[in-house]
Amino acid sequence: MRIRIFSDDSGVSMVGTLNDSDTARAVGEALPITSKAQVWGEGVYFEAPVHMPEQNAHSSVPSGTLAYWPPGHAICIFMGQTPYSPVNVIGELKGDAKRFARVRSGETICIEAVEEDEGE
């Protein structure tokens, strides 16, 4: 599933894809999601109305990875930071995730489904 994550507060918008995992499907079913961003190191986290256990969780992920952090019921955008604890990888961003470094804690962040032919 193609998605768009954006923060109008910071003027950041990127498309990405959700994979075919159970956790990614649960996130996809909850879309659209609007939340408040929390910045930790080189990552942006935001709460989501999804409650999933660890599933094939990873302790290390590359920049651009989209993940779900089970203890915090949060979606994570990684820009180089190692996860605090294992995360369920749910997809990836297309392009340089470091654009999300402009996002500040407390800003509104949204994730929504987009049509397959929608531009970036």
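Residues numbered from 1 in each chain as written. Predicted model: local features only at pLDDT ≥ 70, side-chain atom pairs only at ≥ 80, totals over all residues. Heavy atoms only, no water.

Colleague: For this particular structure, what's the right way to read the side chain of N88?
Modeller: Inspection of the secondary structure puts N88 in strand β7 (residues 88-93). One polar contact links the side chain of N88 to the main-chain amide nitrogen of Q55, over a distance of 2.9 Å. Apart from residues no more than four positions distant in its own chain, N88 is found in contact with T23, P53, E54, Q55, A57, L66, A67, Y68 and P70. (Helix = DSSP H or I, 4+ residues; strand = E, 2+ residues; numbered from the N terminus. Polar contact = N/O pair within 3.5 Å; in protein donor to acceptor, adjacent residues only side chain to side chain. Contact = heavy atoms within 4.5 Å.)

Colleague: What exactly am I supposed to notice about the layout of surface pockets here?
Modeller: Over the atoms rolls a probe the size of a water molecule, and its path tells where empty space is left. Its volume calculated, the largest pocket comes out at about 160 Å³. Contributing to the lining of the largest pocket are K36, Q38, V39, W40, Y45, F46, E47, W69, G72, A74 and Y84. Secondary structure elements with two or more residues in the lining of the largest pocket: β3 (33-40) and β4 (43-47). No other element matches the four residues that β3 contributes to the lining of the largest pocket. (1 Å grid on protein atoms, 1.4 Å probe; cavity = no way out; pocket = protein on both sides within 12 Å on 5 of 7 lines; lining within 4 Å. Points joined across faces, edges and corners; volume = space filled by probe spheres on them.)

Colleague: So what exactly am I meant to see when it comes to the pairing of strand β5 (residues 65-69) here?
Modeller: Consecutive side chains of a regular strand alternate in pointing toward one face of the sheet and then the other. Among the five residues of β5, four are classified as buried, and the element is accordingly described as predominantly covered. Bridge count for β5 against β7 is four bridges, and the pairing is antiparallel. Bridged to Y68 within β7 is N88. Bridge count for β5 against strand β6 (residues 74-78) is four bridges, and the pairing is antiparallel. The residue of β6 that forms the bridge with Y68 is I75. Once β5 ends, the chain turns through four residues before running back antiparallel as β6, passing H73 with a positive phi of about 50°. (Buried < 20%, exposed > 50% of the residue type's maximum accessible area, 1.4 Å probe, protein only. Pairing = 2+ DSSP bridges.)

Colleague: Any chance you could explain helix α1 (residues 22-30) here in plain terms?
Modeller: Residue pairs spaced three or four apart in an α-helix point in one direction, given the helix's 3.6 residues per turn. For α1, every residue scored as buried is listed here: T23, A24, A26, V27 and G28. As for α1, its buried residues are in contact with β2 (12-18), β3, β5, β6 and β7.

Colleague: Can you help me understand the nonpolar core in this one?
Modeller: Within soluble globular proteins, side chains that are nonpolar tend to cluster in buried spots. Grouped together as the largest cluster of nonpolar side chains are 28 residues, with contacts concentrated most on I5, I77 and F100. Excluding residues within four positions of it along the chain, F100 makes contact with I5, V12, M14, V44, I77, M79, L93 and I109. Counting residues in each nonpolar core, the second largest holds six residues, with Y45, V61, A67 and V87 among its members. (Core = buried A, V, L, I, M, F, W, Y, C linked by side-chain atoms within 4.5 Å.)

Colleague: Would you mind showing me how to read the pattern of salt bridges here?
Modeller: Where charged atoms from two side chains of opposite charge come close, those side chains can pair. Enumeration according to the criterion identifies four salt bridges in this entry. When the shortest N-O distance is used, the salt bridge between R25 and D20 registers 2.8 Å. We classify R25 as partly exposed; its relative accessible area is 36%. For D20, a relative accessible area of 62% gives the class exposed. Salt-bridge contacts for E42 lead to K98; the nearest nitrogen and oxygen are separated by 3.0 Å. Placement of the pair is E42 in the loop between β3 and β4 and K98 in the loop between β7 and β8 (108-113), with a sequence separation of 56 residues. For E42, a relative accessible area of 37% gives the class partly exposed. (Salt bridge = Lys/Arg side-chain N within 4 Å of Asp/Glu carboxyl O.)

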